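Residues per chain are reported as follows:
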Amino acid sequence: MGGTRTYEVRTYGCQMNVHDSERLSGLLEDAGYVRAPEGSDGDADVIVFNTCAVRENADNKLYGNLGHLAPKKARRPGMQIAVGGCLAQKDRDTIVQRAPWVDVVFGTHNIGKLPVLLERARVQEEAQVEIAESLEAFPSTLPTRRESAYAAWVSISVGCNNTCTFCIVPALRGKEKDRRPGDILAEVEALVAEGVSEITLLGQNVNAYGSDIGDREAFSKLLRACGTIDGLERVRFTSPHPRDFTDDVIAAMAETPNVMPQLHMPLQSGSDPVLKAMRRSYRQERYLGIIEKVRAAIPHAAITTDIIVGFPGETEADFEQTLHVVREARFAQAFTFQYSKRPGTPAAEMDGQIPKEVVQARYERLVALQEEISWKENKKQVGRTLELMVAEGEGRKDGTTHRLSGRAPDNRLVHFTKPDQEIRPGDVVTVEVTYAAPHHLLAEGPVLDVRRTRAGDAWEKRNAAERPAPSGVMLGLPKIGAPEPLPAVASGCGCD
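Everything quoted here is computed from the prediction, not taken from an experiment. Along each chain, numbering runs from 1 in the same order as the chain's sequence is written. Predicted model: local features are reported for residues with pLDDT of at least 70 only, side-chain atom pairs are reported and counted for 80 or more only, and whole-chain, interface and lining totals are derived from all residues. Side-chain descriptors were evaluated using all non-hydrogen atoms of the structure, hydrogens and water having been removed beforehand.

Regarding the sheet that holds strand β7 (residues 151-155)
Strands belonging to one sheet form pairs held by backbone hydrogen bonds; the direction of such a pair is parallel or antiparallel. Spatial strand order, β7-β10-β11: three strands in an open sheet with parallel pairing. In this open sheet, the two strands that pair with only one neighbour each are β7 and β11 (234-238). Averaged over all adjacent pairs, the angle separating strand axes in this sheet is 25°, with direction ignored. What makes two strands pair is DSSP finding at least two bridges between them. Only runs of H or I of at least four residues qualify as helices and only runs of E of at least two qualify as strands under DSSP, and these elements are numbered from the N terminus. The pairing of strand β10 (residues 198-202) with β11 spans five bridges and is classified as parallel. Across the sheet, the residue bridging to Glu198 is Arg234, located in β11. Note on geometry: axes are lines fitted to C-alpha atoms, helical ones only across the stretch in contact, with angles between N-to-C directions running from 0 to 180 degrees.

Some points on the pattern of salt bridges
What counts as a salt bridge is simple: a side-chain nitrogen of Lys or Arg found within 4 Å of a carboxyl oxygen of Asp or Glu. For the structure on display, the rule yields 33 salt bridges. The salt bridge partner of Asp244 is Arg216, with a shortest N-O separation of 3.3 Å. Residue Asp244 is found in the loop between β11 and α9 (247-255), and its partner Arg216 is found in the loop between β10 and α8 (218-226); the two are separated by 28 residues along the sequence. To sort residues, take the accessible area from a 1.4 Å probe on protein chains only and compare it with the maximum for the residue type: under 20% means buried, over 50% means exposed, and anything in between is partly exposed. Overall, the relative accessible area of 54% leaves Arg216 in the exposed class. Here Lys376 ties to Glu372 by a salt bridge, and the two come within 3.4 Å at their closest N and O atoms.

Notes on the sheet that holds strand β20 (residues 441-443)
Ordered in space as β19-β20-β17-β16-β15-β18-β21, the seven strands form an open sheet in which the pairing is mixed. Pairing within the sheet leaves two strands with one partner each, and these edge strands are β19 (435-436) and β21 (449-451). Of the strand pairs in this sheet, strand β18 (residues 428-432) and β21 are connected by three bridges, and their pairing is antiparallel. Paired with Val429 across the two strands is Val450, which belongs to β21.

Structure representation (structure tokens):
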């Protein structure tokens, strides 16, 4: 082909896909590709779609984007398009039938094959569809290009053993497979040595970790082991399941200083009959009991959740029970979803599908209630002194407001006044909260303290390495913040 080929990865769905996309980028760069510049708008030589199959419009979104690229590819014969992820695992040959200009289709179990499949498609001049039925290599053994210099995902398991009637993910990701604790800790230590100061332990059902290796307390032991790693300042995890959330995990969270006071605990519904129909193996009392124990052990914990509105058969009384749990739990934030049919799931064939207008009305009531609660919970933070890890790109208005942004230990987003001295993403500042909005906090006074960190050094080193050489004499300092940060930790897919 001549010259260096560029690539772009477009990611849809949950944090699992975000992490997989880091691996896909690493694989492509290991194979000699370079990342296309920001804003290239589909002009890369290789465009990879890492898809999600959870939401109802996932198919339409993918084929719409593929259709948009068809004329571009017709003008550029050397351009290649690849489709991977959960939708690829589900639809397989359908993708090249509906979009014959796609070059490669690969599944969730064989992301490591992408460079080989691209080359094979180029040489043979025909589409390559390869979907593995079981995991070929644990994602963390593959090359990676992390999106953040100071924060990283660490997979502890893949797959899921649950059989929730609304969720297609277990059919696409497979049964749960756990990594060996030593391999996980070795990866964390290697990341810390590179300058990472915050890690998020990642699994489809993270606190079921250990079931595959025969140790039901393996997850709490892993949290405690992370507490012994020098230089690791913040540990988070997502997403747990109420069925597997045990007292030893709560104790480990409370007693391990670098495990952050934050918990994402999917509720899905507050109604016992709906939970039964969803095949969720807990009930309202059990769920609220967990929340009560967590708040007793970690008073300042911020608890977030996922909720599905309009599941088949949900009555007004059922929905009122969900509102009751929301009031009792006082979530800092809730990721709310209107139920959508997914072909291949039991719920799609259930009687009692709720009319769209009813689902919409309930959804709006839930969102309004949660907004009110989020604001009340955030107002409790006013006057508190917090340590923030400075974030990159999280404050979209920071440039015009002369602020920077950071994450508190409980993962709340805080915008703070930019001080005179240089602060880098990954550094830590101490501020006093002066104002609360439903989705963020403000610290409008002066920064009380700045702590330069190894994570900030790592960001500065990466930023300098990736910055193009100047064409002439430049005055002033480089501006902070261009690439996108890791998303806020949350399930986002409504299937945990």
